Amino acid sequence: MEGVMSESHFSKLFNLNHLDLSSNPHLVLNIHSDWIPPFQLEYIHLRSCKLGPSFPKWFQTQNKSVKLYISNSGISDFVPNWFWNLSTHLLHMNLSNNQMGGTIGNYPSEGVDSLLSIDLSMNQFEGPVPLFSNKVVTSYLSNNKFSSLNSLCDATEDTLLSFLDISYNQLAGELPDCWSHFTRLEILLLTNNKLSGKIPSSVGSLSRIQMFHLGNNNLIGQLPSSLNKCRELTVLDVGENRLEGPIPTWIGESLPYLIILSLRSIRFNGSMPSSLCYLVYIQLLDLSSNDIDGSIPNCFNNFTAMKKKESIERIGNGTVDSAINDNIYYSPLGSINGYNAQVALIWKGKFSYYKSTLRLVKSIDISSNKLTGKIPTGFTELTGLVSLNLSRNNLSGQIPEAIGQLKSLDALDLSRNHLSGKIPSSLSEVDRLNFLDLSSNNLSGKIPTSTQLQSFDSSTYMGNFELCGPPLTKNCPEEESTTSIETEDQDTFISRRFYVSMGLGFVVGFWVLCGTLVFVKSWRYAYLKFLNSVGDRIYVTVALQKAKLSRMITS
């Protein structure tokens, strides 16, 4: 549907209560600012059509609206204050993907107190995060310019809020220490802000929390031990902060349902606790870029989920039906709200954010630490593993011979360690391998021959001075010796053949000529007569030349 619609198209629709013009990007609603509609709408669905750029003033006349969906409608205007007192019946509001701006105050008690879900994401709203009605269940506020969370502490009673996304804003200051009124929260996203200070202990009151994202902020201190009460956690992302201290042992002991654990680029030190091996559902473990030392626990083969190619379908109490696996979040009230978990990863040497494909990722990244010792053989039992990164450590010993069992492996990075010995021949059997880096180690011997391993660039193996064979230009010693022997045998064969052929040719030629003269009398007489004639001609020629020379000398 395309074209322009004006108020004249609606002038006789007195009983209209449901208006849906969604998903018509070429449809323009050219409505005069002082137009008063002849109807009261319960459902306003105008997403993905050209409603803006001004905010529609005629909304002010709609007092019975239950749903208002005007996302991606080209509005680039400040939202007037009257809008927030639009209707006491409004249940669902979606203003996302516009360029709306302004500051939103806390909802007055006489305002919209029936709201269940609100989506203001991808706009230009600023100021403190508004405290909506206690009945709001889901609140999408990401990708705006909100600057403070302190308004959350204005809550005086428990809320029904179960989903809160304030990621990608400009939140600054410390996290408020008043989470006790948000005990129904199941998903809390605060990534990519400017939050500082310590994580307050009151986050332990979020007993239903299942996804907790605090990545890419400026938080300091240690993870509060009160988080061990959040036993339903499936995703814990606190990477890219300035936390410190050892990795808490209670993570493995008290958070049995973790699927994603991201502690990358913090300042954790000390050894890696063996209690992490209790995380049987873990599918993504990122401990990279820390100061972790000691050896890798030889119990990672307890990661049951990484032994399977399929994803975990349902864990915990089942209120979140695999938000990672199906990208769907089920609220406690049964409503379905699309949500894709997002985690930052170093994948194939590049920093990327994974969202819709996250359910396919089974990864272990403990690169850029100070780990020592051998690579545990338990890794080779994780047959569903897609990415393994142990680079930039001080690991020694040999690459496990059974590493070829990791048939699902797409990326393997063991570079910049002190690994020695030969590259296991079984590695050539991993036919899905698209990224390999074994550079800067002490590996030796011939690179196993296979279409897969020879397809990588020589930089994959550089810095291993005892490695040889394609794709490196250095030939292996046994290959050079074999080539020399083959060349020598070939030369000897050619020489013998030459001399044998020459001898046989001489014998055959001699007897063909001489045998004929011996056994054929007429030929023998003719041949002797020919020789006598040739001798006489030579004698006469020499005598004449001698006489001529003598006369010349005498004269």
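Here the structure is a predicted model, which is why all the values come from computation and not from measurement. (Residues numbered from 1 in each chain as written. Predicted model: local features only at pLDDT ≥ 70, side-chain atom pairs only at ≥ 80, totals over all residues. Heavy atoms only, no water.)

1. Describing the sheet that holds strand β15 (residues 194-198)
Now for step 1: Here four strands make up an open sheet; going across it, the order is β13-β15-β17-β19 and the pairing parallel. In this open sheet, the two strands that pair with only one neighbour each are β13 (172-174) and β19 (242-243).
Now for step 2: Direction of pairing for β15 relative to strand β17 (residues 218-221): parallel, over a ladder of three bridges. Bridged to Lys198 within β17 is Ile220. (Pairing = 2+ DSSP bridges. Helix = DSSP H or I, 4+ residues; strand = E, 2+ residues; numbered from the N terminus.)

2. Concerning the confidence of the model for the chain
Now for step 1: Taken as a whole, the chain shows an average pLDDT of 84; of its residues, 80% reach a score of 70 or greater.
Now for step 2: Counting contacts from residues 482-489, a segment whose pLDDT is below 50, to residues more than four positions away or on other chains yields zero contacts. (pLDDT = per-residue confidence, 0-100. Contact = heavy atoms within 4.5 Å.)

3. A short note on the packing of aromatic side chains
Now for step 1: Considering all chains together, one arrives at 16 aromatic pairs under this definition.
Now for step 2: Considering the side-chain rings of Trp35 and Phe39, the 6.1 Å spacing of their centres and the 70 degrees angle between planes classify their relative orientation as edge-to-face. Note on accessibility: Trp35 and Phe39 belong to one class, buried.
Now for step 3: Geometrically, the ring pair formed by Tyr140 and Phe163 is tilted, given 4.5 Å between the ring centres and 35 degrees between the ring planes. Taken together, the positions of Tyr140 in strand β10 (residues 138-140) and Phe163 in strand β12 (residues 163-165) put the pair 23 residues apart, joining distant regions of the chain. (Phe/Tyr/Trp six-rings, centres within 6.5 Å; stacked < 30°, edge-to-face > 60°. Buried < 20%, exposed > 50% of the residue type's maximum accessible area, 1.4 Å probe, protein only.)

4. Remarks on the state of the cysteines
Now for step 1: For the structure on display, the rule yields three disulfides.
Now for step 2: Between Cys277 and Cys299 runs a disulfide, and the two sulfur atoms are separated by 1.9 Å. Here the S-S torsion is close to 65 degrees, and the disulfide linking Cys277 with Cys299 is therefore right-handed. Of the two residues, Cys277 sits in the loop between β22 (268-271) and β23 (284-286) while Cys299 sits in the loop between β24 (291-294) and β25 (328-330), which places them 22 residues apart along the sequence. Of the two residues, Cys277 and Cys299, both sit in the buried class.
Now for step 3: With a sulfur-sulfur separation of 2.1 Å, Cys468 is cross-linked through a disulfide to Cys476. (Disulfide = S-S within 2.5 Å.)

5. Side note on unusual backbone geometry
Now for step 1: That bond from Gly52 to Pro53 is cis: its omega, 10 degrees, falls within 30 degrees of zero.
Now for step 2: As for its position among the elements, Pro53 is in the loop between β4 (43-45) and β5 (67-69).
Now for step 3: Its identity as a non-glycine residue notwithstanding, Asn97 has a phi of 60 degrees, on the positive side.
Now for step 4: The phi dihedral of Ser440 falls on the positive side, at around 55 degrees, and the residue is not glycine.
Now for step 5: Take Ser440: it is sitting in the loop between β35 (435-437) and β36 (442-446).
Now for step 6: Since its relative accessible area comes to 34%, Ser440 is described here as partly exposed.

6. Overview of the side chain of Gln62
Now for step 1: Note on placement: Gln62 falls in the loop between β4 and β5.
Now for step 2: Among the polar contacts made by the side chain of Gln62, one reaches the main-chain amide nitrogen of Leu41 at a distance of 2.6 Å.
Now for step 3: Among the polar contacts listed, one links the side chain of Gln62 to the side chain of Thr61, at a separation of 2.9 Å. (Polar contact = N/O pair within 3.5 Å; in protein donor to acceptor, adjacent residues only side chain to side chain.)

7. Brief notes about a nonpolar patch on the surface
Now for step 1: On the surface, Phe530, Val534, Ile538 and Val542 cluster together to form a nonpolar patch covering roughly 370 Å² of accessible area.
Now for step 2: Examined against the element boundaries, Val542 turns out to sit in helix α4 (residues 521-554). (Patch = residues over 30% accessible without salt bridge, like charges linked within 9 Å, V, L, I, M, F, W, Y side chains within 5 Å. Areas by Shrake-Rupley, 256 points an atom, 1.4 Å probe, with all protein chains shown as cover. Salt bridge = Lys/Arg side-chain N within 4 Å of Asp/Glu carboxyl O.)

8. Points about the pattern of salt bridges
Now for step 1: Applying the stated rule across the entire model yields four salt bridges.
Now for step 2: For the salt bridge of Arg264 with Asp286, the shortest nitrogen-to-oxygen distance reads 3.4 Å. Residue Arg264 is found in the loop between β21 (260-262) and β22, and its partner Asp286 is found in strand β23; the two are separated by 22 residues along the sequence. Taken as a pair, Arg264 and Asp286 share a single burial class, namely buried.

9. Focus on the sheet that holds strand β32 (residues 394-398)
Strands in a sheet are paired, the pairing made by backbone hydrogen bonds, and the direction either parallel or antiparallel.
Now for step 1: As summarised here, the arrangement of the eight strands in space is β20-β22-β24-β30-β32-β34-β36-β37, forming an open sheet in which the pairing is parallel. The two strands at the open ends of the sheet, each matched to only one other strand, are β20 (245-246) and β37 (466-468).
Now for step 2: Of the pairings in the sheet, the one linking strand β34 (residues 418-421) to β36 comprises two bridges and is parallel in character. Its bridge partner being in β36, Ser420 is matched across the sheet by Asn442.

10. A look at the pairing of strand β3 (residues 26-29)
Across a regular strand the side chains alternate sides, sitting on one face of the sheet and then on the other.
Now for step 1: Side chains Leu27 and Leu29 project from β3 onto a buried face, and the interleaved His26 and Val28 project onto a face without burial.
Now for step 2: For strand β1 (residues 2-5) and β3, the ladder comprises four bridges, and the chain directions are parallel. When the sheet's bridge partners are listed, Val4 is paired in β3 with Val28.

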